[in-house]
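Residue-level structural notes
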Amino acid sequence: MALVEAADASVLEGLDVLETATDVGPSRRARLWSAAWPKLAALFLVIAGWQAVVWTGWREQYLLPAPGTVLRELRSMTSQAVFWKAVGITLRRAAVGYAAAAVLGSIVGLAVARVRVLRVAVGSLITGLQTMPSIAWFPLAILLFQLSESAILFVVVLGAAPSIANGIIAGVDHVPPLLIRAGRVVGAHGASLYRHVVLPAALPSVLAGHKQGWAFAWRSLMAGELLVIVANRPSIGARLQFSRELSDAPALLAYMIVILAIGIAVDAAFAAADRSLRARRGLTLA
Amino acid sequence: MTIVNDEPGAPTPVPAPPVASDAPAPAPTSPASVPAAIRCRGLSKAFGTARNAVVALDRVDLDVRAGEFVCVVGASGCGKSTLLNLVAGLDAPTRGQVDVVGRTALMFQDSALFPWLTVADNVGLPLRLAGMPKGARQARVEELLASVHLAGQGERRPHELSGGMRQRVALARALAQEAEILLMDEPFGALDAMTRDLLHDELERLWVERSLTILFVTHNVREASRLGDRIALLTSRPGRVAATFDVPFARPRRIEAPEVSEMAGLVTARLRQEVARHGPR
Ligand SMILES: Nc1ncnc2c1ncn2[C@@H]1O[C@H](COP(=O)(O)OP(=O)(O)OP(=O)(O)O)[C@@H](O)[C@H]1O
Ligand SMILES: [Mg+2]
């Protein structure tokens, strides 16, 4: 009998090994390369197109400089202190505004997701706010806070918070009921059910909300920096405006490239977080 | 509905439904002096609103004695999952009552593991929620995984496992709850025959070792004959217990044993008869 049992156990373990193939994917380097080359190719095509337009002579070179000129300008700019100060101030505003939006959006999102009355009262208002162009907030912001840091942050927070709140609400709404039941069966109730089941299950949607919130924050911030120029506070937006006033097209384009690069970098970070979240939960195709 | 916990301090595994506090347990009607672990009396459950309600269960009477292994068989959609959900306290009955003496753990038809947790954390979650400190928990989880022959697999994620392994993790998670009563909803329905036979042996061993009470739902009549002390046949529309069969054979049984096949044949014949009642009129 004992012998039979031992044999059974090893059959079971043998089946386990057969049933779970350990898949050895391509090497890290190969994966990086396969992700990178289409992007590099696209970048090359954009620059080539730009150069081609310049060569057609559609606009004078001082209005539309060639890519080479802009890249040289960008290189020389990065050796100036004012550039780094501007980038620093802009990034700090982005971080502070986004963080405040994350806190506010999370509180509102959780409250609306949990409290039925609040859902009825402000659920559609939040979606409405999300569709409101952030630039429309500036006149009010300037009235309330004058031309100050606070005016910019006010608009950044209002731009980003609704998306973050909506991400939480949608995530909580779409938690599979089976997982909630499973949570209740293993002894999670009320706050512990939220902590151990609802929020982890909602995480992909919460992350998507944050990603969208960031995009709105960054756009609002750029609009704000063009409109609200605070004395002695150089920022990317202020430098962009300044370049236009001086008709310094290479510098203007160089700052635009910086804005795009920061946006892409943060977006890539969100995409990486999302990928690893999905991979850990087995939500990706092998 | 009443849930009678034998330990007053024991955590009720469900958000407390309205409890009829003045309901004394009526004298057990089950044979022998063994107390009933589960008593369903006139248990009914309808889904939906009055006009287009689906009656999933209609006046079900069922007793399960402590330590008994009862299998519920029935065609798809006859209310088997509904019955388990009511016993587990996840749903409230429309009419009738369930008395449960002891704590229940429910294993779902689908493994229902949490995809964001590792295997070990899935099994450890009930312990964590019960307040067990981390060190003790790790040791306990290893023990539980070993008891379902998954020792050393704790760091994997549910999606990396086969269906059979996932069901064993779900079983370990159910065992972690230290419940006296195990409710199982077609736990091996999606598995191949060889894995299923091995898991039958495992389950029988755990049932004896831990003196569990098991209410096991399946649509597989052979499986029921292999495992059960008793088989309750549930019919569809309305879901009702049409017959119960005693399975008197000695254990451990083999699913291919002639007496098990014979029993399965008997139950199947009755099941056919019940289904035929719904045939063309
Ligand atoms: N939440 C619900 N809302 C409406 N109808 C439901 C709900 N849950 C179950 N039903 C209905 O109740 C009946 C019984 O369902 P149940 O899931 O209990 O069947 P089952 O016996 O477990 O079936 P299976 O063997 O396929 O798992 C079915 O007709 C089903 O359509
Ligand atoms: Mg079912």
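Since we're looking at a predicted model, the values are computed, not measured.

1. Regarding the overall build of chain B
A count of helices and strands for chain B gives seven helices and nine strands. The buried share among the 281 residues of chain B stands at 54%. A sequence separation of at least 24 residues applies to 68% of the contacts in chain B between residues at least 6 apart. Entry remark: accessible area of chain B is about 12300 Å², with carbon and sulfur atoms responsible for 54%.

2. Overview of the domain arrangement of chain A
Many structure descriptions define interface size as the accessible area lost when the parts assemble. For chain A, the assigned domains are domain 1 (1–58) and domain 2 (67–280). Taking the mean C-alpha position of each, domain 1 of chain A and domain 2 of chain A sit 30 Å from one another.

3. Section: the coordination of the magnesium ion (ligand 2)
Residue and element names in this part refer to chain B. Within the first shell, the magnesium ion (ligand 2) binds the protein through Ser81 (OG) and Gln109 (OE1), at distances of 1.9 to 2.5 Å. Of this pair, serine 81 sits in helix α1 (residues 80–88) while glutamine 109 sits in the loop between β5 (104–107) and α2 (119–129), and the two are 28 residues apart along the sequence. Here serine 81 falls in the partly exposed class, since its relative accessible area comes to 24%.

4. Side note on the sheet that holds strand β1 (residues 36–47) of chain B
All names here are of chain B. Spatial strand order, β2-β1-β4: three strands in an open sheet with antiparallel pairing. In this open sheet, the two edge strands, each paired with only one partner strand, are β2 (54–65) and β4 (95–100). Taking each pair of neighbouring strands and ignoring which way they run, the sheet shows an average axis angle of 15°. Of the strand pairs in this sheet, β1 and β2 are connected by eight bridges, and their pairing is antiparallel. Directly across from cysteine 40, in β2, lies its bridge partner leucine 62. α1 contacts β1, β2 and β4 of the sheet and is inclined by roughly 120° relative to β1.

5. Looking at the interface of chain B and chain A
Each partner contributes to the interface: chain B provides 39 residues, whereas chain A provides 31 residues. Interface area, chain B with chain A, both sides summed: about 3100 Å², of which 65% is carbon and sulfur. Linking chain B with chain A are three residue pairs in polar contact (both at pLDDT 80 or more), by the criterion used here. Contributions of two or more residues to the side of chain B that touches chain A are made by α2, α4 (163–176) and α5 (193–209) of chain B. Per-element accounting of the side of chain B that touches chain A gives the leading share, six residues, to α5 of chain B. Among the residues forming the side of chain B that touches chain A, the class breakdown is 20 nonpolar, eight polar and 11 charged.

Each value, and the rule that gives it
- Residues numbered from 1 in each chain as written.
- Chains lettered and ligands numbered in written order.
- Predicted model: local features only at pLDDT ≥ 70, side-chain atom pairs only at ≥ 80, totals over all residues.
- Heavy atoms only, no water.
- Helix = DSSP H or I, 4+ residues; strand = E, 2+ residues; numbered from the N terminus.
- Buried < 20%, exposed > 50% of the residue type's maximum accessible area, 1.4 Å probe, protein only.
- Contact = heavy atoms within 4.5 Å.
- Areas by Shrake-Rupley, 256 points an atom, 1.4 Å probe, with all protein chains shown as cover.
- Domains from an automatic or database assignment.
- Donors = N, O, S within 2.8 Å, 3.2 Å for Na, K, Ca; no water.
- Pairing = 2+ DSSP bridges.
- Axes fitted to C-alpha atoms, helices over the stretch in contact; angles between N-to-C directions.
- Buried area = accessible area lost by both parts, 1.4 Å probe.
- Polar contact = N/O pair within 3.5 Å; in protein donor to acceptor, adjacent residues only side chain to side chain.
- Nonpolar A, V, L, I, M, F, W, Y, C, P; charged D, E, K, R; others polar.

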